[in-house]
Amino acid sequence: MTMRIRTAAPADLDAVAAIEAECFPPAEAAGRGSLAGRLAAYPDHFWLLENEGQVVGFVNGMCTDSPDLADEMYDRPALHDPQGAWQMIFGVDTIPAYRRRGCAAMLLEHVIAEAKAEGRRGVVLTCKDRLVHYYAKFGFADEGVSASTHGDVVWHQMRLTF
């Protein structure tokens, strides 16, 4: 496999929308409009993993001085602050055929390194209970159940502080 990570561009919308729909149930998945807004507002915080030119996964999220990930952030790309202290992660998506190959880990390690290099205080994400242990492997601490009601699911807020 020839894997590479690059930042996204608006032309990647079809690929990321298809992957998002494949990775999350409809109530949790970002819609095409939301993804288009994110790509327009902060393409440099939208990282794609490609294998021989095919997008096989991605991580995206905005930066903010707010320490907690709030539901309004998902669909309001204007809340992105390029100098924000915290890198939020809205999704870690890997197509099923590439799961359990280290793709998500490769993306997360890249995003963490980028956030450190940019002088952020850390990285924040939310996940379901069954994934708390996965993110803990990268140094994220479970802060308990999040105030998020995104997709009518119980989420844990996870924080990696530098």
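Refer to the structure presented above.
Residues numbered from 1 in each chain as written. Predicted model: local features only at pLDDT ≥ 70, side-chain atom pairs only at ≥ 80, totals over all residues. Heavy atoms only, no water.

## Details of the nonpolar core
Now for step 1: Judged by nonpolar contacts, the single largest core of 39 residues is most densely connected at V16, F46, I89, Y135 and F140.
Now for step 2: Listed by contribution, the elements that provide at least two residues to this core are α1 (13–23), α2 (32–41), β2 (46–51), β3 (54–60), α3 (103–117), β7 (122–127), α4 (132–136) and β9 (156–161).
Now for step 3: In terms of residue count, the dominant contributor to this core is α3 (eight residues).
Now for step 4: By size, the runner-up hydrophobic cluster in this structure holds ten residues, among which are L69, Y74, W86 and M88. (Core = buried A, V, L, I, M, F, W, Y, C linked by side-chain atoms within 4.5 Å. Buried < 20%, exposed > 50% of the residue type's maximum accessible area, 1.4 Å probe, protein only. Helix = DSSP H or I, 4+ residues; strand = E, 2+ residues; numbered from the N terminus.)

## Quick notes on α3
Now for step 1: The end-to-end C-alpha distance of α3 is 21 Å, a good match for the 21 Å that 15 residues give at a rise of 1.5 Å each.
Now for step 2: Of the positions making up α3, those classed as buried are C103, A104, A105, L107, L108, V111, I112 and A115.
Now for step 3: Immediately downstream of α3, the backbone of G119 shows phi near 80°, a positive value. (Expected span 1.5 Å × (residues − 1).)

## Some points on the side chain of E28
Now for step 1: Assignment of secondary structure puts E28 in the loop between α1 and α2.
Now for step 2: A relative accessible area of 9% means that E28 is categorised as buried.
Now for step 3: A distance of 2.9 Å separates a polar atom in the side chain of E28 from a polar atom in the side chain of K128.
Now for step 4: Apart from residues lying up to four places away in sequence, E28 is in contact with E20, K128, H150, G151, V153 and W155. (Polar contact = N/O pair within 3.5 Å; in protein donor to acceptor, adjacent residues only side chain to side chain. Contact = heavy atoms within 4.5 Å.)

## Focus on the sheet that holds strand β8 (residues 141–145)
Within a beta sheet, neighbouring strands are joined by backbone hydrogen bonds and run either parallel or antiparallel to one another.
Now for step 1: On the basis of which strands lie adjacent, the open sheet formed by five strands has the order β4-β5-β7-β9-β8 and mixed pairing. Two strands in the sheet have a free side with no partner beyond their single neighbour: β4 (63–64) and β8. (Pairing = 2+ DSSP bridges.)

## Topic: the pairing of strand β5 (residues 86–89)
Now for step 1: Burial along β5 is two-sided: W86 and M88 and Q87 and I89, pointing in opposite directions, are all buried.
Now for step 2: Pairing geometry for β4 and β5, over two bridges, is antiparallel. Bridge pairing in β5 places T64 opposite W86.
Now for step 3: Bridge analysis of β5 against β7 gives four bridges, and the strand direction is parallel. Its bridge partner being in β7, I89 is matched across the sheet by L125.

## Overview of the sheet that holds strand β6 (residues 91–94)
Now for step 1: Spatial ordering of the open sheet is given by β1-β2-β3-β6, a layout of four strands whose pairing is antiparallel. Each having just a single partner strand, β1 (3–7) and β6 make up the two edges of the open sheet. Between one strand and the next, the sheet's axes are offset by a mean angle of 20°, whatever the strand orientation.
Now for step 2: Pairing between β3 and β6: four bridges, direction antiparallel. Within β6, the residue paired with G57 across the bridge is T94.
Now for step 3: Taken strand by strand, α3 contacts β1, β2, β3 and β6, and its axis lies near 140° from that of β2. (Axes fitted to C-alpha atoms, helices over the stretch in contact; angles between N-to-C directions.)

## Focus: the side chain of R120
Now for step 1: Within the fold, R120 resides in the loop between α3 and β7.
Now for step 2: R120 gets classed as buried once you look at its relative accessible area, which sits at 8%.
Now for step 3: A polar atom in the side chain of R120 sits 3.0 Å from the backbone oxygen of P82.
Now for step 4: A polar contact of 2.7 Å, which involves the side chain of R120, links it to the backbone oxygen of G84.
Now for step 5: Filtering out sequence-adjacent residues up to four positions away, R120 remains in contact with H45, C63, P82, Q83, G84, A85, W86, Q87, A115 and F162.

That is the geometry; function is a separate question.
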